[in-house]
Amino acid sequence: MKKLLAVFAAVAALSAHADETLTVAASAVPHAEILEFVKPMLAKEGVTLNVKVFNDYIQPNVQVDQKRMDANFFQHQPYLDEFNKGKGTHLVSVAKVHIEPFGAYSDKLKSLAELPDGANVAIPNDATNEGRALLLLVKAGLITLKDPNSITAKPGDVQQNPKNLKFRELEAATLPRVLTQVNLALINTNYALTAKLDPTKDALIIEGSESPYANILVTREDNKDAPAIQKLVAALHSPETKAFIVEKYKGAVVPAF
């Protein structure tokens, strides 16, 4: 009888283990692709991973905060800090996964040296990515900022603009679609990849691997130590995942672990 009860207990424990489910919001490329890669690893650990793709930078955080999703994977720490500050949320990072070097692209130019006076330059309109775009233009020697280290700089903070660049502030996801309408567009790598742009070949200037904008796995404070979340972290930080990122993206996405 004791043996039978022990068997029932083991089966029950195994069933409970197998019933662990994580629902993670993610951008399509490369985040959802990386999550799909680690699915089999998590399945072996008794965790079912559901990946929900989003095309914006707002809803993934809203959904996690409202407990409709367990976690999200699409953003970097400066963006999360600004979101928490602006929305009064308390979302937290549990893992750095990769860096997507931010780049400047053009349908009209072969180099930044060809950028004409009065050129139209499209940049993301969210606080941290806008500042990130302007800092890349500073690095390229095209502008200077009142605070050269400000990650939340806006066009109004530009101090010197010798080429009289005209800035168009647009939603990040729309930037690849306006390439034909502007001289230059500063585009997040996930959206560049989705638009079939190759950051290592097509970007006229791109961040180096020293970029502080590592993309992170984010969840709620009350969920950060959950076993399923920690298993996801372990899978994302595995040697297999690092090799997958290196091989698949060939420098357009760089492991941050």
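Since we're looking at a predicted model, the values are computed, not measured.

Parameters at a glance
Residues numbered from 1 in each chain as written. Predicted model: local features only at pLDDT ≥ 70, side-chain atom pairs only at ≥ 80, totals over all residues. Heavy atoms only, no water. Helix = DSSP H or I, 4+ residues; strand = E, 2+ residues; numbered from the N terminus. Buried < 20%, exposed > 50% of the residue type's maximum accessible area, 1.4 Å probe, protein only. Polar contact = N/O pair within 3.5 Å; in protein donor to acceptor, adjacent residues only side chain to side chain. Contact = heavy atoms within 4.5 Å. Core = buried A, V, L, I, M, F, W, Y, C linked by side-chain atoms within 4.5 Å. Phe/Tyr/Trp six-rings, centres within 6.5 Å; stacked < 30°, edge-to-face > 60°. 1 Å grid on protein atoms, 1.4 Å probe; cavity = no way out; pocket = protein on both sides within 12 Å on 5 of 7 lines; lining within 4 Å. Points joined across faces, edges and corners; volume = space filled by probe spheres on them. Nonpolar A, V, L, I, M, F, W, Y, C, P; charged D, E, K, R; others polar. Pairing = 2+ DSSP bridges. Salt bridge = Lys/Arg side-chain N within 4 Å of Asp/Glu carboxyl O. Domains from an automatic or database assignment. Buried area = accessible area lost by both parts, 1.4 Å probe.

## Quick word on the side chain of Asn 129
Turning to its location among the elements, Asn 129 is positioned in helix H5 (residues 127-139). Using a relative accessible area of 2% as the deciding quantity, one classes Asn 129 as buried. Side chain to side chain, Asn 129 and His 76 meet in a polar contact 3.2 Å long. At 2.9 Å, the side chain of Asn 129 forms a polar contact with the side chain of Asp 126. For Asn 129, the contacting residues outside a window of four places in its chain are Tyr 57, His 76, Tyr 79, Phe 102, Pro 124 and Asn 188.

## Considerations on the nonpolar core
Among soluble globular proteins, nonpolar side chains are generally buried collectively. If you look at the biggest cluster of nonpolar residues, it comprises 29 residues, and the most contacted ones within it are Val 24, Leu 35, Leu 49, Leu 217, Leu 232, Leu 236 and Tyr 249. Listing elements by their share of this core, those giving two or more residues are strand S1 (20-26), helix H2 (28-44), strand S2 (47-53), strand S3 (71-76), strand S4 (91-99), helix H8 (227-236) and helix H9 (239-249). Counting residues in hydrophobic clusters, the runner-up holds 22 residues, among them Leu 115, Ala 119, Phe 167 and Leu 184.

## Some words on the packing of aromatic side chains
In total, this model carries seven aromatic pairs according to the counting rule given. Centre to centre, the rings of Tyr 57 and Tyr 79 are 5.8 Å apart; their planes meet at 65 degrees, and the pair counts as edge-to-face. Of this pair, Tyr 57 sits in the loop between S2 and helix H3 (59-65) while Tyr 79 sits in helix H4 (residues 77-87), placing them 22 residues apart in sequence. With 6.1 Å between their ring centres and 75 degrees between their planes, Phe 74 and Tyr 79 make a pair best called edge-to-face. No difference in accessibility class separates Phe 74 from Tyr 79, as the two residues are buried. An aromatic cluster of three or more residues is present, and its members are Tyr 57, Phe 74, Tyr 79, Phe 83 and Tyr 191.

## Quick notes on empty space enclosed by the protein
The full count for this structure, using the stated rule, is one cavity of 30 Å³ or more. Roughly 100 Å³ of internal volume is contained in the largest cavity. Around the largest cavity sit 13 residues that line it, and Tyr 57, Phe 74, Gln 75, His 76 and Asn 188 are the ones nearest its centre. Among the secondary structure elements, those contributing two or more residues to the lining of the largest cavity are S3, H5 and helix H6 (189-194). At three residues, the largest contribution of residues to the lining of the largest cavity is made by S3. Considered class by class, the residues forming the lining of the largest cavity number four nonpolar, seven polar and two charged.

## Some points on the pairing of S3
Across a regular strand the side chains alternate sides, sitting on one face of the sheet and then on the other. Among the six residues that make up S3, six are buried, leaving the element largely enclosed by the rest of the structure. With five bridges connecting them, S3 and strand S12 (residues 214-220) associate as antiparallel partners. Paired with Phe 73 across the bridge in S12 is Leu 217.

## A word on the pattern of salt bridges
In this structure the tally under the stated criterion is seven salt bridges. In this structure, Asp 222 and Lys 67 form a salt bridge, with 3.4 Å as the shortest nitrogen-oxygen distance. Taken as a pair, Asp 222 in the loop between S12 and H8 and Lys 67 in the loop between H3 and S3 lie far apart in primary sequence, 155 residues in all. Side by side, Asp 222 and Lys 67 carry an identical accessibility label, which is exposed. Between Glu 247 and Lys 250 there is a salt bridge whose closest N-O contact spans 3.2 Å. Just as Glu 247 is exposed, Lys 250 falls in that class too. Ionic contacts of the salt-bridge type, sharing partners, join the residues Lys 67, Arg 220 and Asp 222 into one network.

## As for the domain arrangement of the protein chain
When its domains are assigned, the protein chain resolves into domain 1 (22-100 + 213-255) and domain 2 (103-206). Here the C-alpha centre of domain 2 lies 26 Å away from the C-alpha centre of domain 1. Listed by partner, the interface residues are 18 residues for domain 1 and 19 residues for domain 2. Roughly 1400 Å² is buried in total at the junction of domain 1 and domain 2, and carbon and sulfur atoms are behind 57% of that figure. Counting across the domain 1 and domain 2 interface gives five residue pairs in polar contact (both at pLDDT 80 or more). Classifying every residue of the side of domain 1 that touches domain 2 by side-chain character gives nine nonpolar, five polar and four charged.

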